[in-house]
Amino acid sequence: MALIENTPRGLYCPAGDFYIDPWKCDNSMRAVITHGHSDHARAGCATYLCSPSCEPILRARLGRTITTQSLPFGLAHELRIGDALVALLPAGHVLGSAMIRIRRAPGTTHAATPHDDGGTWLITGDYKLTADGLTETAELCSCDTLITESTFGLPVFRWQPDAQLRLDLNTWWHQCQQLGRSAVVFAYSLGKAQRILTMADSSLGPLLAHPAALSIVQAYRAAGATLPEVTLATPQATSAARAAGTPALVVSPQSVDGSAWLTALGPIATAVASGWMAIRGTRRRSNISRGFAISDHADWPQLLSACRQTGASRIGVTHGYTAPLVRYLIESGTPAFELATRFTGESPQPIMDTSDAADAATGDSPDP
Ligand SMILES: [Zn+2]
């Protein structure tokens, strides 16, 4: 029996009787969660183990009544669950995001050969290696079997440094202000929205957020993150900022595009913040006026760097451009395989996740 199995409900560790980011939950299941995005954290499990800073985000997304247990980052805090040892390392994707290292507790027996067992596993979840000043910076460790995401697993994906992205964002905001328009940036409510808010130059004008993004701002603060002053985006707030000659920057999920809520904000210009904006065709096909190639996922050089740094002797690749990365790794001499999961990473079009859609469809949204 392998240490980790891919089951219809998600990745499962029989030795510890727990699932990693299960996509089908019931109240008998114990989940170990990499991060709060909706394709990784789903409601209905009996218990959720996650990092301390992920905990308030999970509660904001899955409900106050879920049963959670937090495990501090670091190999020194390794936790025994049944016959498995579990440790969390920062993944650098969104606040509280974790890579999960799993190994069999010494002295415990298993039926398979060590080779079949896969040795020590590291499951990345979603990650990026560069520091963004808001999220815990990623840490890798050595492992035998690495399961890596590959959302942007093509050589064309190479992110600009944050300083350049910040300059581009604030230059565009200033241009919008000169036209008397609020600058609306469409971004995931969890992670990207908060990153945009920290990149924005708040001396230019007020920072406003859609309720879905604002609730995660509050969860970030509850987890100890420092964010600039952000208030709820309302017609009154955008109007007051325009009257003062400093139109606001607004972050919002793209699900509001074309809605009465957005129209009520008055004159706007729109942009999308997504790694997919690195591809010219994606920008051309959309109606938005500007695209910022800002992603919380590893780009191609980072994916290769992570594979190298772990020293893994076999690598499973999941979601996104799995085939090109697997082919590259095999041609480079590392056994690699595609692993089918239901994780979606950062979806290309529209730039929204199912939680954003759910947020827009519930009372969280002021859009009638
Ligand atoms: Zn994610």
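A brief report on the enclosed structure follows. (Residues numbered from 1 in each chain as written. Predicted model: local features only at pLDDT ≥ 70, side-chain atom pairs only at ≥ 80, totals over all residues.)

The next subject is the overall build of the protein chain. Of regular secondary structure, the protein chain possesses eleven helices and 19 strands. Relative to its 368 residues, the protein chain shows a buried fraction of 52%. (Helix = DSSP H or I, 4+ residues; strand = E, 2+ residues; numbered from the N terminus. Buried ≥ 20, exposed ≤ 12 C-beta atoms within 10 Å, placed from the backbone.)

Taken together, six strands build an open sheet; the order of strands is S1-S2-S3-S4-S5-S6 and the sheet is mixed. Strands at the two margins of the open sheet, each flanked by one partner only, are strand S1 (5–7) and strand S6 (68–70). Neighbouring strand axes in the sheet, compared pairwise and without regard to direction, differ in orientation by 30° on average. Pairing of S1 with strand S2 (residues 10–13), which is carried by three bridges, proceeds in the antiparallel orientation. Bridge pairing in S2 links Glu5 to Tyr12. (Pairing = 2+ DSSP bridges. Axes fitted to C-alpha atoms, helices over the stretch in contact; angles between N-to-C directions.)

Of note, the phi angle at Asp17 is positive, near 50°, even though the residue is not glycine. Tracing the chain through its elements places Asp17 in the loop between S2 and strand S3 (18–20). Residue classification places Asp17 among the partly exposed residues on the basis of 14 C-beta atoms within 10 Å. Of note, the phi angle at Asp21 is positive, near 45°, even though the residue is not glycine.

The next thing to look at is the pairing of strand S9 (residues 98–104). Burial of S9 is extensive: seven of the seven residues sit out of reach of the surface. The two faces of S9 match: Ala98, Ile100, Ile102 and Arg104 on one face and Met99, Arg101 and Arg103 on the other face are all buried. In this sheet, S9 lies alongside strand S8 (residues 84–90) in antiparallel orientation, the contact comprising seven bridges. Each bridged residue has a counterpart across the sheet, and for Ala87 the counterpart in S9 is Arg101. Note: S9 against strand S10 (residues 121–123), three bridges, orientation antiparallel. For Ile100, the partnering residue across the bridge sits in S10 and is Ile123.

Looking at the secondary structure, you find Ala183 in strand S12 (residues 182–186). Looking at Ala183, the number of C-beta atoms within 10 Å reads 27, which means it is buried. Taking the C-alpha atoms as reference, Ala183 lies 4.7 Å from Leu249; in sequence the two are 66 residues apart. For Ala183, the contacting residues outside a window of four places in its chain are Trp172, Trp173, Cys176, Pro247, Leu249, Val250 and Ala269. (Contact = placed C-beta atoms within 7 Å.)

A few words on the pairing of strand S5 (residues 47–50). By the bridge criterion, three bridges tie strand S4 (residues 30–32) to S5 in an arrangement that is parallel. Looking at S5, one finds that Val32 is bridged to Leu49. As defined by bridge partners, S5 adjoins S6 across three bridges and the pair is classed as parallel. Counterpart to Tyr48 in the pairing with S6 is Thr68.

Residues spaced three or four apart along an α-helix face the same direction, because each turn holds 3.6 residues. Taking 1.5 Å per residue as the helical rise, helix H3 (residues 162–178) with its 17 residues ought to reach 24 Å, and the 24 Å between its terminal C-alpha atoms agrees with that figure. Of the positions making up H3, those classed as buried are Leu165, Leu169, Trp173, Cys176 and Gln177. Down the axis of H3, the sector holding all buried residues measures 110°, keeping them to one side. Opposite the buried face of H3, by more than 90 degrees, sit the exposed residues Ala163, Gln164, Thr171 and Gln178. (Expected span 1.5 Å × (residues − 1). Arc of directions from axis to C-beta.)

Below, the discussion takes up the nonpolar core. Among the nonpolar cores identified, the biggest contains 106 residues, and Val185, Ala209 and Val250 are the most heavily contacted of them. Each of domain 1 (5–157 + 297–334) and domain 2 (162–294) gives at least three residues to this core. Apart from residues lying up to four places away in sequence, Ala209 is in contact with Ala193, Leu214, Val217, Val230, Leu232, Ala233, Val250 and Val251. (Core = buried A, V, L, I, M, F, W, Y, C linked by C-beta atoms within 7 Å. Domains from an automatic or database assignment.)

A separate point is the sheet that holds strand S7 (residues 79–81). By definition, the strands of a sheet pair up through backbone hydrogen bonds, in either a parallel or an antiparallel sense. The sheet built from seven strands is open, its strands ordered S7-S8-S9-S10-S11-S18-S19 with mixed pairing. The sheet is open, and its two edges are formed by S7 and strand S19 (336–338), each paired on a single side. Put simply, the sheet's adjacent strands are angled 25° from each other on average, direction ignored. The sheet strands contacting helix H9 (residues 300–310) are S10, strand S11 (145–150) and strand S18 (314–320), and the helix crosses S11 at an angle near 175°.

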